[in-house]
Amino acid sequence: MTNIQAESLSTSLVRLLAIAAGAAVANSYYNQAFIGHLSADFGLVSGGAAVVPMLTQAGNALGVLFLAPLGDRLERKSLIVTTIAALVMSLIGAALSQGFVWLAVASLAVGLFATVAQQIVPLAVHLAPPAERGRILGKVTGGILIGILLARTVSGTLSDLWGWPYVFWFAAALMTIIGIALARWLPRAEPTTDLSYPRLIGSLWSLVRTHEVLRKAIAVQFLIFAAFIAFWSNLALLLSGPAYQLGGTAVGLLALVGVAGALAAPIAGGLADRRGPAAVVSVGAALIVVAFGIFALWQGSIVGLVVGILILDLAVQSSQVANQARVYALDPTARSRLNTVFMATMLAGGAVGAGIGGAAYAAWGWAGTCTFGAISAGIALLLSQKS
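Calculation rules
Residues numbered from 1 in each chain as written. Predicted model: local features only at pLDDT ≥ 70, side-chain atom pairs only at ≥ 80, totals over all residues. Heavy atoms only, no water. Helix = DSSP H or I, 4+ residues; strand = E, 2+ residues; numbered from the N terminus. Buried < 20%, exposed > 50% of the residue type's maximum accessible area, 1.4 Å probe, protein only. Contact = heavy atoms within 4.5 Å. Areas by Shrake-Rupley, 256 points an atom, 1.4 Å probe, with all protein chains shown as cover. Patch = residues over 30% accessible without salt bridge, like charges linked within 9 Å, V, L, I, M, F, W, Y side chains within 5 Å. Salt bridge = Lys/Arg side-chain N within 4 Å of Asp/Glu carboxyl O. Phe/Tyr/Trp six-rings, centres within 6.5 Å; stacked < 30°, edge-to-face > 60°. Expected span 1.5 Å × (residues − 1). Axes fitted to C-alpha atoms, helices over the stretch in contact; angles between N-to-C directions. Left-handed = near helix turned anticlockwise from the far one by under 90°. Nonpolar A, V, L, I, M, F, W, Y, C, P; charged D, E, K, R; others polar. Parallel < 35°, antiparallel > 145°, perpendicular 65-115°, else oblique. Polar contact = N/O pair within 3.5 Å; in protein donor to acceptor, adjacent residues only side chain to side chain. pLDDT = per-residue confidence, 0-100. Core = buried A, V, L, I, M, F, W, Y, C linked by side-chain atoms within 4.5 Å.

## Some words on the overall build of the protein
Here is step 1 of the chain: Summing up its helical and strand segments, the protein has 17 helices and zero strands in all.
Here is step 2 of the chain: Taking all 387 residues of the protein together, the buried fraction comes to 56%.
Here is step 3 of the chain: Expressed as a percentage of contacts within the protein between residues at least 6 apart in sequence, the contacts between residues at least 24 apart total 83%.
Here is step 4 of the chain: Accessible area for the protein stands at about 15,400 Å²; split by element, carbon and sulfur atoms hold 69% of it.

Written as structure tokens, this is what we have:
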């Protein structure tokens, strides 16, 4: 353990883990910037291309639920490298898609294996000495936030310049380089439990059944993330329409506004410590309702979009940090599995949000997506006030 901890103090290794986690999670968000191109290339009805981000988010939920817990059961370096190899193959499959069904299946696989990020984060905590765990975890989590923010920018630009398949080729090349680097420099980390896989997965339900606070937290975050993904998975369709006539690059540039959410995370954590997580979650849900009101009332306004995105991203990040704070406090000995339950449910909410938000857009246009987002966040607000 001494050698592993010494390696974990290496600035270059921490940086590698942060880059790897950010690059991995970015794969779940690339397609949100070019669904306008997909609609045109495959001749889909308005909102039909939302199936792609919906399946990616569904794959995320499945990966977090069924793959991430294996980090406690298997040697983690081998698990991470193998998962990245599967992710690269899925990305190549998406790049080579000859039809929309092929792309949809590949998108599900990309989402499934992109959850390697949820294997990297617990490994970073495992490798860190107790006195440095907060610092190292903060850096790796920061890498994830940057990956989410930059994903749409990179994707929007590449898809506008050369077409959406090149986004997947870029991602496959990047993950190949990262996989080789992790295989070379990542230390081995032996399993921490000998539970059989069925018992490991079964313990997740036991946690949900035991903790009422966990049940309420995951319900609220499900609804909040559904609203969040409903917005981002349909924004490209809005911008490509007659009101804006903009491409994927514009989606990427607007995504950069979300840096406010990353800056809000530590502030939200401090407020949760002082005033309690429930209060922060309630304020966050209320602000999301406000953001969708702005999106609906100021259609056609770039300024309205920027202001709404600032409020939306800040609110979603704040509520997530506060909700995670109260979930992690439930049982210090089961934080990895608690994280699995929390993240799997949240990502399932993203899949539902992408699906219903896309259907609402197809039926009623941007007003339909905004209505769904406001209702979802409004229900989350009601539930948070009861917790």
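## A closer look at a nonpolar patch on the surface
Here is step 1 of the chain: On the surface, a nonpolar cluster with roughly 700 Å² of combined accessible area is contributed by L96, W102, L161, W162, Y166 and W169.
Here is step 2 of the chain: Along the chain, the position of W162 falls in the loop between α8 (133–161) and α9 (165–185).
Here is step 3 of the chain: Given the relative accessible area of 56%, W162 is considered exposed.

## Quick look at the packing of aromatic side chains
The relative placement of two aromatic rings is captured by the distance of their centres and the angle of their planes.
Here is step 1 of the chain: Applying the stated rule across the entire model yields 11 aromatic pairs.
Here is step 2 of the chain: Here the aromatic rings of F42 and W164 are separated by 5.8 Å at their centres, their planes lie at 40 degrees, and the arrangement is tilted. Taken together, the residues span a long stretch of sequence, with F42 in helix α3 (residues 35–42) and W164 in the loop between α8 and α9 at a distance of 122 residues.
Here is step 3 of the chain: According to the relative accessible area criterion, F42 is partly exposed, its value standing at 23%.
Here is step 4 of the chain: For the ring pair F231 and F292, a centre distance of 6.4 Å and an interplane angle of 80 degrees mean the geometry is edge-to-face. Placement of the pair is F231 in helix α11 (residues 212–240) and F292 in helix α14 (residues 277–297), with a sequence separation of 61 residues. Summarising the burial analysis for this pair, F231 and F292 share the class buried.

## Section: helix α2 (residues 11–26)
Here is step 1 of the chain: Here α2 spans 22 Å end to end across 16 residues, near enough to the 22 Å set by a 1.5 Å rise per residue.
Here is step 2 of the chain: Across the 16 residues that make up α2, a large majority, 12, are buried.

## Things to note about helix α6 (residues 100–114)
An α-helix turns once per 3.6 residues; consequently, residues spaced three or four apart project the same way.
Here is step 1 of the chain: Compared with an ideal rise of 1.5 Å per residue, which puts 15 residues at 21 Å, α6 spans 20 Å between its outermost C-alpha atoms and is within 8% of the ideal.
Here is step 2 of the chain: The complete set of buried residues in α6 reads F100, L103, A104, A106, S107, A109, V110, G111 and A114.
Here is step 3 of the chain: On the buried face of α6, the contacting elements are α2, α3, α4 (51–66), α5 (76–95), α7 (117–127) and α9.

## Some remarks on the packing of helix α16 (residues 335–364) against helix α17 (residues 366–385)
Here is step 1 of the chain: Two numbers describe how α16 lies on α17: the axes approach to 6 Å, and their chain directions differ by 145 degrees. In this structure, α16 meets α17 at a crossing whose hand is right-handed. The residues of α17 that touch α16, namely those facing G353, I356, G357, A360, Y361 and W364, are W366, A367, G368, T369 and F372.
Here is step 2 of the chain: Counted by class, the contact of α16 with α17 contains seven nonpolar, four polar and no charged residues.

## Overview of the pattern of salt bridges
Here is step 1 of the chain: Taken as a whole and judged by the stated rule, the model has four salt bridges.
Here is step 2 of the chain: For the salt bridge of D72 with R76, the shortest nitrogen-to-oxygen distance reads 3.1 Å. The same class applies to D72 and to R76, which are both buried.
Here is step 3 of the chain: One salt bridge connects E190 with R188, and the closest N-O pair in it is separated by 3.3 Å.
Here is step 4 of the chain: The class for E190 is partly exposed, based on a relative accessible area of 44%.
Here is step 5 of the chain: Through salt bridges with shared partners, a single ionic network connects E75, R188 and E190.

## Looking at the packing of helix α10 (residues 197–210) against α16
Here is step 1 of the chain: Direction vectors running N to C along α10 and α16 enclose 75 degrees, while the axes themselves pass 10 Å from each other. As the angle between them shows, α10 and α16 are arranged roughly perpendicular. The residues of α16 that touch α10, namely those facing L200, S203, L204, L207 and V208, are R337, L338, T340 and V341.
Here is step 2 of the chain: The residue makeup of the contact of α10 with α16, split by class, is six nonpolar, two polar and one charged.

## A word on the side chain of S203
Here is step 1 of the chain: Following the sequence through the fold, S203 ends up in helix α10.
Here is step 2 of the chain: Taking relative accessible area as the criterion, S203 reaches 12% and is therefore assigned buried.
Here is step 3 of the chain: Among the polar contacts made by the side chain of S203, one reaches the main-chain carbonyl oxygen of L200 at a distance of 2.6 Å.

## Some details on the confidence of the model for the protein
Here is step 1 of the chain: Averaged over the protein, the pLDDT score is 86; the fraction of residues at 70 or greater is 90%.
Here is step 2 of the chain: Residue range residues 1–9 is modelled with pLDDT below 50. Its contacts to residues more than four positions away, or to other chains, number 17 contacts.

## A word on the nonpolar core
Here is step 1 of the chain: One finds F231, F295 and L312 to be the most contacted residues of the largest nonpolar core, which totals 113 residues.
Here is step 2 of the chain: When residues in this core are grouped by element, the largest group, 17 residues, is from α11.
Here is step 3 of the chain: Ignoring any residue separated from it by four or fewer positions in sequence, one finds F295 in contact with F231, G304, L305, G308, I309, L312, W366 and C370.

## Regarding the environment of A380
Here is step 1 of the chain: Its location among the elements puts A380 in helix α17.
Here is step 2 of the chain: Residue class for A380 comes out buried when judged on its relative accessible area of 0%.
Here is step 3 of the chain: Along the backbone, A380 and G284 are 96 residues apart, and their C-alpha atoms lie at a distance of 9.6 Å.
Here is step 4 of the chain: Those residues in contact with A380 that sit more than four places away from it in its chain are V220, L223, I224 and A285.

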